[in-house]
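# Coordinate analysis (summary)
What follows is the residue order along each chain.
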Amino acid sequence: MSRAETADERAPGGSGPAAARATLGWGLLGTEISVLFRRRRTWAMLGALAIVPVLIAVAVKLRPAASASGRGPAFLDQITSNGLFVAAVGLVVCVPLFLPLTVGVVAGDTIAGEASAGTLRYLLVAPAGRIRLLAVKYLGAAVFCVAATLSVAVAGALAGAVLFPVGPVTLLSGDTISVGESVVRSLLVALFITVSLLGLSAIGLFISTLTDVPVGAMAATIVLAVVSQVLDSLPQLDAIHPWLFSHYWFGFGDLLRQPISWDSFGSNALLQLGYFVVFGALACGRFTTKDILS
Amino acid sequence: MTAAAPAPAIETHGLTKRFGRQTVVDAIDLTVPRGSVFGFLGPNGSGKTTTIRMLLGLASASSGTAQLLGHEMPRNVATVLPRVGALVEGPGFAPYLSGAANLSRLDSADLYAPRATHAARVAEALDRVGLSAAASKKVKAYSLGMKQRLGLAGALLTPRDLLVLDEPTNGLDPQGTREVRSLIRSLAAGGTTVFVSSHLLAEIEQICTHAAIMSAGRLVAQGTLDDLRYAGQPRVRLLTPDPAAAARSLARLGLAVDEPPAAGLAPRDVVIEARFDPADDARGESLDIVARLVADGVRVHGYSVERPSLEDRFVALTGEGFDVEG
C-alpha cells in the first residue's frame, strides 16, 4: 500500500487525531540502528571480532619464525614484512565462523527477539506494519554486517600499522601497489565479505519469523552457515556447490590481483541477491500471515 | 461514513478463533458504542485477550468480522491503529533501553505520529502516568507496576479515539489502581472510547458505562451496566414479627415470596425475602411497599430493596471459578 493511498483513505474519516499526514517512516530505521548499537551485546561481538586480527598480529610479532612453517592461513608469514596484511589475514580467519556467528546472532534475533521481549505486539499495534518491520530489521542486520566486517578490517589495519612496517603491498598477481591503494583494496575486500553475509542475514530473518525463541533462531542460522561450508567442501556434491550461499565466501582473492577481476564479486552478489529474494519472500509470506500470540 | 451516526468503536459479527480443534472465541457479536467506557469481563482463559488480538489485527479470525472505528480489520490496520492505543496482555519493553527510549521507539513505528512533537509527546505521556522521574532509567530496573504504567504511557503517545486496555491495573498497588481509574475517567471525559478488559469486577463496576461478559469463549451478556445488573431480579428484604400477614401482603402486591412462612405469630422478628417480577422492575421503587404493609397491620422492623451486584450477575453467568460468599 503506497503512502498516498493511506493518506487518501484517511481523509474522509478525518475527524480522528491521526488524520494528520503520514511521515516518511525513516524514524523506525533510525531507532532500529540506534537500538542495535546501544546494546552491549552488539559491542561485545564487534569487540570480539576486532580482537581476532590483534591477537594474530601480536602472536606473529612475538614468534615470527613459527609463521613461516607453511601452516595457518595464506599470507600469514607476509605480515612481518608488511603490517597491511594483518587486516586481510584477520578477515580470512573470521570468514568461516566468527563473522557468520555474530551475523547469525543479530539476524536470528530480529523478529524472535522482539517476540520474546513482548515488544513485537506493541510495534505491530503502533502500527509498524509487518512488511516495513521486516525491511527495517533486515536493513539493521545488513548494517551490522558492515560494522562487523569493518571492525575486523580496521582493527587489523591498526594493529598491523602499530606492530609492523607499512609499505607498498605486493598483490597475488605479483604487482605492487601503493599504501593508499591497498587501503582501497582492503575496503573492497570488506565490501565483498559484507555482501557475502547478506544471504545468511536473509536466512536468519526468515528463521526468526518461525519462532518466539531467539536463541533457537540464532543457533539454526549459525548451523546452516557451517553446514553450507561443509557441503561446499565435499567434492562429491560439486553439482550443488554454486548454489550454496557460502560458495564464494573466500572469492575475494580476485580483488587482490592487478587488474581487478570482478567475476567472483558479481557471481557472489548475484547469489546473495537470490538468497535475499527467496528468503525475504519466505519471511514476508510467513510473517504477514502469522498470528502474533507472543 | 456519515457524521450523524458514527460507527461503533468496536463491532464484531460472529468473530471466531479456533486453535486446532479448540474454539477459543466462539462467534461473538460485540458492540462497543462510541464514547463508552466498556468493561470486557470474563474469568481467566475465557477468550478476552484472544478477542483483543483479533481486534488489533495481531491474530486473524477463523471466521466472522471485526470493525474498529468503522473500518474492517485487519485490512485497515495501517490507517486505523494510529487512532487506537493499546495495552495487550501486559507490558512488553526492551529491558536494556530506558523508559523514554522505549516509548520513542514505539512512536517512531507510528507513521502518523508527527516527528516535530516527538520528544514533547514522549515526555507528556511519561508525565501522565507519573514516570517522569524514572524516564531515563533502564526498563530492567522498573518494577512490575512501573512497567504497567509505561505500557499505559505507550498507549497515550498520541491522542486516541479508542483505547484498548487489557488488564490495565495488573501489578499496580492500590494507589496506582486508583490513578489508572482516574486516568480512564479523564480520557473518557475527553471523548475517547475506552475498552477495558478485566477479571476484577469492582474495577469495572466503578468506571464503566457498559460491559460484556465472556465465558468459555462465548459472549454471555452485554449492555449498559444497569442493563446487566437489573437483568437480575431485585429483592425485598423484610424484618417483621408478623411473617404470615406480611407474606400475604407482599403476594397481593405481586411479589414472589421465597419461603412462605407458617401461619401465626412468630416469637421474634423473622426475615422474609421476596422477588419483584422482573417485568415490573421499573415499578420497584415506586411501589410503596412499606406503607401497604403497615396499612395491612404488618409491623415492619426492617426493610430494604437489594439489587444484585455485577459480581452476582457475573457468577451467575460464568459459573464456577470465582469463590464468592453469599
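See the structure above.
Residues numbered from 1 in each chain as written. Chains lettered and ligands numbered in written order. Predicted model: local features only at pLDDT ≥ 70, side-chain atom pairs only at ≥ 80, totals over all residues. Heavy atoms only, no water.

### Quick look at helix 3 (residues 99–109) of chain B
Buried residues dominate helix 3 of chain B, accounting for 10 of its 11 residues. Among all positions in helix 3 of chain B, only B:Gly99, B:Ala101, B:Asn102, B:Leu103, B:Ser104, B:Arg105, B:Leu106, B:Asp107, B:Ser108 and B:Ala109 are buried. Its buried side turned inward, helix 3 of chain B meets helix 2 (26–38), helix 5 (98–117), helix 6 (119–125) and helix 7 (130–163) of chain A together with helix 4 (118–128) and helix 5 (144–155) of chain B. (Buried < 20%, exposed > 50% of the residue type's maximum accessible area, 1.4 Å probe, protein only. Helix = DSSP H or I, 4+ residues; strand = E, 2+ residues; numbered from the N terminus. Contact = heavy atoms within 4.5 Å.)

### Here's the deal with the interface of chain A and chain B
Contact with chain A, which involves 43 residues of that partner, is made by 42 residues of chain B. Both faces considered, chain A and chain B share a buried interface measuring about 3600 Å² in area, 58% of it formed by carbon and sulfur atoms. When the area that chain A buries against chain B is broken down by residue, the three leading residues are A:Arg121, A:Tyr122 and A:Val125, summing to 18%. For the interface between chain A and chain B, the tally reads three salt bridges. A salt bridge links B:Arg105 to A:Glu114; the shortest N-O distance between them is 2.3 Å. Summed over the shared surface of chain A and chain B, the result is 16 residue pairs in polar contact (both at pLDDT 80 or more). (Buried area = accessible area lost by both parts, 1.4 Å probe. Salt bridge = Lys/Arg side-chain N within 4 Å of Asp/Glu carboxyl O. Polar contact = N/O pair within 3.5 Å; in protein donor to acceptor, adjacent residues only side chain to side chain.)

### A few points about the side chain of A:Asn82
Residues and elements named next belong to chain A. Inspection of the secondary structure puts Asn82 in the loop between helix 3 (40–62) and helix 4 (85–94). For Asn82, a relative accessible area of 5% puts it in the buried group. Side-chain polar atoms of Asn82 contact the backbone oxygen of Gly167, separated by 2.9 Å.

### Focus: the sheet that holds strand 13 (residues 256–257) of chain B
Residues and elements named next belong to chain B. If you trace the four strands from one edge of the open sheet to the other, you get 13-14-12-15, paired in antiparallel fashion. Looking along the sheet, the strands with just one partner apiece sit at the ends: strand 13 and strand 15 (302–306). Sheet topology note: the strand 12 (residues 235–240)/strand 14 (residues 270–275) ladder contains six bridges and is antiparallel. Bridge pairing in strand 14 links Arg237 to Glu273. (Pairing = 2+ DSSP bridges.)

### Let's talk about the side chain of B:Asp110
All names here are of chain B. Mapped onto the fold, Asp110 is located in the loop between helix 3 and helix 4. Look at Asp110: it is buried, it has no salt bridge, and the nearest opposite charge is Arg160 at 4.2 Å. Looking at Asp110, its side chain comes within polar contact range of the main-chain nitrogen of Tyr112, at 2.8 Å. (Lys, Arg positive; Asp, Glu negative; His and termini not counted.)

### A few points about the environment of B:Thr240
Residues and elements named next belong to chain B. Here Thr240 shows up in strand 12. On the basis of relative accessible area, Thr240 is assigned to the buried category, the value being 0%. For the pair Thr240 and Asp269, spaced 29 residues apart in the sequence, the C-alpha separation amounts to 4.8 Å. If we ignore the near neighbours within four places in the chain, the residues touching Thr240 are Ala246, Arg268, Asp269, Val270, Ile272, Val298 and Arg299. A distance of 3.0 Å separates the side chain of Thr240 from the backbone nitrogen of Asp242, its partner in a polar contact. Engagement of the side chain of Thr240 in a polar contact is seen with the backbone oxygen of Arg299, the distance being 2.6 Å.

### Notes on the packing of helix 7 of chain A against helix 10 (residues 263–288) of chain A
All names here are of chain A. At a minimum axis separation of 10 Å, helix 7 and helix 10 run at an interaxial angle of 140 degrees. Classified by the interaxial angle, the pair formed by helix 7 and helix 10 is oblique. Regarding helix 7 and helix 10, the two cross each other, and that crossing is right-handed. On the side of helix 7, the interface is formed by Arg130, Ile131, Leu133, Leu134 and Tyr138, while helix 10 contributes Phe276, Ala283, Cys284, Phe287 and Thr288. Within the contact of helix 7 with helix 10, the residues separate by chemical class into eight nonpolar, one polar and one charged. (Axes fitted to C-alpha atoms, helices over the stretch in contact; angles between N-to-C directions. Parallel < 35°, antiparallel > 145°, perpendicular 65-115°, else oblique. Left-handed = near helix turned anticlockwise from the far one by under 90°. Nonpolar A, V, L, I, M, F, W, Y, C, P; charged D, E, K, R; others polar.)

### A look at the sheet that holds strand 8 (residues 162–166) of chain B
Residue and element names in this part refer to chain B. If you walk across this open sheet you meet the six strands as 7-8-9-4-10-11, and the pairing is mixed. Strands at the two margins of the open sheet, each flanked by one partner only, are strand 7 (84–87) and strand 11 (218–224). Neighbouring strand axes in the sheet, compared pairwise and without regard to direction, differ in orientation by 10 degrees on average. Two elements, strand 4 (residues 37–41) and strand 9 (residues 193–198), share five bridges in a ladder whose sense is parallel. The partner of Leu41 across the bridge, within strand 9, is Ser198. Against the sheet, helix 5 engages strand 7 and strand 8, with an angle of about 165 degrees to strand 7.

### Here we look at empty space enclosed by the protein
On inspection of all chains with the given rule, the structure shows five cavities of 30 Å³ or more. The space that makes up the largest cavity amounts to roughly 190 Å³. Here the residues of the lining of the largest cavity are counted per class, giving 12 nonpolar, three polar and one charged. A:Tyr122, A:Ala126, B:Leu106, B:Gly154 and B:Arg160 are, among the 16 residues lining the second largest cavity, the residues nearest its centre. Put simply, the parts of the chain that give the lining of the second largest cavity at least two residues each are helix 6 of chain A together with strand 7, helix 3 and helix 5 of chain B. Taken together, the residues of the lining of the second largest cavity break down into nine nonpolar, four polar and three charged. (1 Å grid on protein atoms, 1.4 Å probe; cavity = no way out; pocket = protein on both sides within 12 Å on 5 of 7 lines; lining within 4 Å. Points joined across faces, edges and corners; volume = space filled by probe spheres on them.)

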